[in-house]
Amino acid sequence: MTARTATLPFPWAMPLLVLALIALGLLFVQSSTAGTRLDGLEGRQLQMVLASLPILVAFAAFGHRRLARHAWLLYATGLLALVAVLFFGVNSNGARRWFMGPLGFLIQPSEVMKPLLVLALARWLQFREAPERLRDLAVPLLLVALPAAL
């Protein structure tokens with residue numbers, strides 16, 4: 001008997017739900033800022049969504065298994081970005097948490113680090129038994145503590 005790979009139909013529900021959430025978020029931003037000094041903020045929010053779509057598509061095309069193989073490199077890169085923002089970050093509203101990105105967008109490395117942390121934790125826990133002692137959690141706690149401290 002030969003192994004055949006089944007071609008599954010594209011799961012349209014996920015991108016449609018994402019688009020619905022984006023639309024709902026834009027509606028909420030528009031309705032909560034209308035008539036205030038922040039009127040029109042939904043346009044900037046839409047620009048951010050459109051700017052991030054190529055990144056989303058690239059990560060989806062890259063595949064979760066390949067992402068998992070590179071979890072440690074991505075995590076280390078995220079940590080380096082958190083350290084670099086301390087020295088090269090832009091001050092905004094009294095805090096140095098952002099880099100100036102392309103087209104004048106501010107990029108916040110801590111937001112990028114969140115999914116990278118989840119990826120690193122998943123990679124660490126992937127081949128391990130459920131922790132039974134507190135010391136079994138030392139590495140996962142360290143993985144969380146490093147970006148939290150930065």
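These numbers were taken from a predicted model, which means no experiment stands behind them.

Engineer: Would you mind showing me how to read the packing of helix α1 (residues 13-33) against helix α2 (residues 41-62) here?
Structural biologist: Across the interface, α1 lies against α2 with an axial gap of 8 Å and an inter-helix angle of 155 degrees. Classified by the angle between their axes, α1 and α2 sit roughly antiparallel to one another. In terms of crossing hand, the pair formed by α1 and α2 is right-handed. Of the residues in α2, those touching α1 at Ile-22, Leu-26, Val-29, Gln-30 and Thr-33 are Leu-41, Glu-42, Gln-45, Leu-46 and Val-49.

Engineer: I'm lost on the nonpolar core in this one. Help?
Structural biologist: Across soluble globular proteins, nonpolar side chains show a tendency to be buried alongside one another. Counting residues in each nonpolar core, the largest one holds nine residues, listed as Tyr-75, Leu-79, Leu-82, Met-113, Leu-116, Leu-117, Ala-120, Leu-121 and Leu-143. Within the residue set of this core, elements represented by two or more residues are α4 (71-88) and α5 (109-126). Excluding its chain neighbours within four sequence positions, the residues that come into contact with Leu-143 are Trp-72, Tyr-75, Leu-117, Ala-120, Leu-121 and Trp-124.

Engineer: Just to check I follow, could you spell out the pattern of salt bridges for this structure?
Structural biologist: Pairs may arise between side chains of opposite charge once their charged atoms sit close together. Inspection of the entire model under this criterion finds two salt bridges. For Lys-114, the salt bridge identified is with Glu-111, shortest N-O distance 2.9 Å. Note that Lys-114 and Glu-111 are positioned in helix α5 at a spacing of three residues, about one turn of the helix. In this structure, the salt-bridge partner of Asp-136 is Arg-133, at a minimum N-O distance of 3.4 Å. A relative accessible area of 29% means that Asp-136 is categorised as partly exposed.

Engineer: What's the story with the side chain of Thr-33 in this structure? I'm lost.
Structural biologist: Along the polypeptide, Thr-33 turns up in helix α1. Since its relative accessible area comes to 7%, Thr-33 is described here as buried. Within the local environment of Thr-33, its side chain forms a polar contact with the backbone oxygen of Val-29, the two atoms lying 2.7 Å apart. With sequence-adjacent residues up to four places away left out, Thr-33 is seen in contact with Leu-38, Asp-39, Gly-40, Leu-41 and Glu-42.

Engineer: Even after reading the chapter, I still don't get the environment of Ile-107, so can you show me in this structure?
Structural biologist: With respect to the helices and strands, Ile-107 occurs in strand β3 (residues 106-107). When its relative accessible area of 36% is taken as the criterion, Ile-107 is described as partly exposed.

Engineer: Just checking my understanding: could you explain α4 for this structure?
Structural biologist: Given 3.6 residues per turn, any residue in an α-helix points the same way as the ones three and four places further on. Its 18 residues place the ends of α4 25 Å apart at the C-alpha level, agreeing with the 26 Å of an ideal helix rising 1.5 Å per residue. For α4, the set of buried residues is Ala-71, Tyr-75, Gly-78, Leu-79, Leu-82 and Val-85. Buried residues along α4 cover an arc of 115 degrees about the axis, so they all sit on one side. Pointing more than 90 degrees away from the buried face of α4 are the exposed residues Leu-73, Leu-80, Phe-87 and Phe-88. For α4, the elements touching its buried residues are α3 (64-69), β2 (95-100), α5 and α6 (138-149).

Engineer: Please clarify how the packing of α4 against α5 should be interpreted in this entry.
Structural biologist: The axes of two packed helices give the description: the angle between them and the distance between them. As a packed pair, α4 and α5 sit with axes 9 Å apart at the nearest point and diverge in direction by 150 degrees. With respect to α5, the element α4 is oriented roughly antiparallel. The way α4 lies across α5 gives a crossing that is left-handed. Of the residues in α5, those touching α4 at Ala-71, Trp-72, Leu-74, Tyr-75, Gly-78, Leu-79, Ala-81, Leu-82 and Val-85 are Pro-109, Ser-110, Met-113, Leu-116, Leu-117, Leu-119, Ala-120, Arg-123 and Trp-124. In terms of residue class, the contact of α4 with α5 is made up of 15 nonpolar, two polar and one charged.

About the cut-offs
Residues numbered from 1 in each chain as written. Predicted model: local features only at pLDDT ≥ 70, side-chain atom pairs only at ≥ 80, totals over all residues. Heavy atoms only, no water. Axes fitted to C-alpha atoms, helices over the stretch in contact; angles between N-to-C directions. Helix = DSSP H or I, 4+ residues; strand = E, 2+ residues; numbered from the N terminus. Parallel < 35°, antiparallel > 145°, perpendicular 65-115°, else oblique. Left-handed = near helix turned anticlockwise from the far one by under 90°. Contact = heavy atoms within 4.5 Å. Core = buried A, V, L, I, M, F, W, Y, C linked by side-chain atoms within 4.5 Å. Buried < 20%, exposed > 50% of the residue type's maximum accessible area, 1.4 Å probe, protein only. Salt bridge = Lys/Arg side-chain N within 4 Å of Asp/Glu carboxyl O. Polar contact = N/O pair within 3.5 Å; in protein donor to acceptor, adjacent residues only side chain to side chain. Expected span 1.5 Å × (residues − 1). Arc of directions from axis to C-beta. Nonpolar A, V, L, I, M, F, W, Y, C, P; charged D, E, K, R; others polar.

So yeah, pure geometry; function would need other evidence.
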